[in-house]
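# Breakdown of the fold
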Amino acid sequence: MILKSENLDQRAVIERITGQIPRHVLSHYPTPLMRANRLTETLGGIELWFKRDDLISFGLGGNKIRGLEVMLADALAQNADCLITGAGVQSNHVRATAAVAAHAGMHCTAVYWGKPPATIDVNYRVTKMLNAGIRFTDDDERASVDAHIPLVAAELSEQGYRPYAIPRGGACAVGVLGHVLAIFELYQQCLEQNLEPDVIVIAVGSGGTYTGWLLGLRLLNLCWKMHCYTVSREPEQVSQQVADLATEAAALVKLDWTFSPADAPVHGGFIGQGYGIPSQEAAEAIKLTGRTEGILLDPTYTGKAMAGFLHGLQNRQFDACKRIIFLHTGGEPAFFAGNGDDWLNTDLLAV
Ligand SMILES: *Cc1c(COP(=O)(O)O)cnc(C)c1O
């Protein structure tokens, strides 16, 4: 049964917590929860579903919009007129932030690590089109963005702007609350469809999304297990970051809860050669999902998470499970990036 605890009324929790999370809604919700019939059949037994946050109907979608909806409400409440954030040039988060700023009539500044790239394409093209101010850190360390964001914020303040700084990847406590609302949404969908998952599978980058799901699961007292696959940082580092962020986000909704890294397990081993570099396993997972379901996973996040999940399935990690929901966090623009490399090896493996 979904109602795990007789003295916890989940509906009341949802109402109380949602009331504490101001949100500037930008899309149509709920996003679809779809049974993957042919993939389920192919995988032999375990029922697989997709929660389609890739279909969020704003700014090319993806999970980042959920966090930004709550951050935008916060920024507007603070009378900000400028959003500053950062990551790499192909960041979905930066592209989404630029779209949110445009929609709200705010200025946006994007801080990218490294130097300007040779080509202007995909998310970078969109971000520039949206008229975001662009800064490069001139340092290939991704973390160089973290030091630059406050510097740019101070500079913009001096110019008379009222900036609202969003950490790299959108991983901040306010943004996490947007993902708490996502699990509330999924929970209600599951109730309506009379469906109970055992496991939720997600891709983890900066960890904001995972943090929200973790906090939401605890709020609802659900025993759904999270299986999370890191695509950039080492698992230990992500677990620590997620635990700290969950503790901080809980405080925002007036809960004196602490989370430890043990509460936030993360699978490693599927990053391949590095963040943003397609891996062979991800390519296989993308082809399998595309060819059975017509659903496009991306090479940076969801393809690697699916590869990790399929590996776990093969290694019987999910033998005790009946129903699994894969959170499709978006990222399809990455399909159009690159210099024509056939990273999918489509010729080699066509049937
Ligand atoms: C950012 C992103 C993720 C990971 O979300 P985090 O909150 O950074 O962990 C997953 N999938 C896609 C497509 C993303 O853009």
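My aim in this report is to walk through the structure given alongside it, one point at a time. (Residues numbered from 1 in each chain as written. Predicted model: local features only at pLDDT ≥ 70, side-chain atom pairs only at ≥ 80, totals over all residues. Heavy atoms only, no water.)

Take the layout of surface pockets next. The calculated volume of the largest pocket comes to roughly 870 Å³. Around the largest pocket, the lining is made up of 29 residues, and of these Val-89, Gln-90, Gly-276, Ala-337 and Gly-338 lie nearest the centre. A breakdown of the residues in the lining of the largest pocket according to their chemical character gives twelve nonpolar, twelve polar and five charged. Mapping the lining of the largest pocket onto the domain boundaries places at least three of its residues in each of domain 1 (8-61 + 172-349) and domain 2 (64-170). Quantified by volume, the second largest pocket comes out at close to 180 Å³. Lining the second largest pocket are Leu-214, Leu-217, Arg-218, Asn-221, Leu-222, Cys-223, Trp-224, Lys-225, Met-226, Phe-259 and Asp-263. (1 Å grid on protein atoms, 1.4 Å probe; cavity = no way out; pocket = protein on both sides within 12 Å on 5 of 7 lines; lining within 4 Å. Points joined across faces, edges and corners; volume = space filled by probe spheres on them. Nonpolar A, V, L, I, M, F, W, Y, C, P; charged D, E, K, R; others polar. Domains from an automatic or database assignment.)

One can describe the packing of helix H7 (residues 173-192) onto helix H8 (residues 208-220) by two numbers: an axis separation of 7 Å at closest approach and a directional angle of 55°. It follows from the interaxial angle that H7 and H8 lie oblique. As for the relative orientation of H7 and H8, their crossing is right-handed in sense. Only Gly-208, Thr-209, Thr-211, Gly-212, Trp-213, Leu-215, Gly-216, Leu-217, Leu-219 and Leu-220 of H8 make contact with H7, whose side of the interface consists of Val-176, His-179, Val-180, Ala-182, Ile-183, Phe-184, Leu-186 and Tyr-187. Here the contact of H7 with H8 is composed, by residue class, of twelve nonpolar, six polar and no charged. (Axes fitted to C-alpha atoms, helices over the stretch in contact; angles between N-to-C directions. Helix = DSSP H or I, 4+ residues; strand = E, 2+ residues; numbered from the N terminus. Parallel < 35°, antiparallel > 145°, perpendicular 65-115°, else oblique. Left-handed = near helix turned anticlockwise from the far one by under 90°. Contact = heavy atoms within 4.5 Å.)

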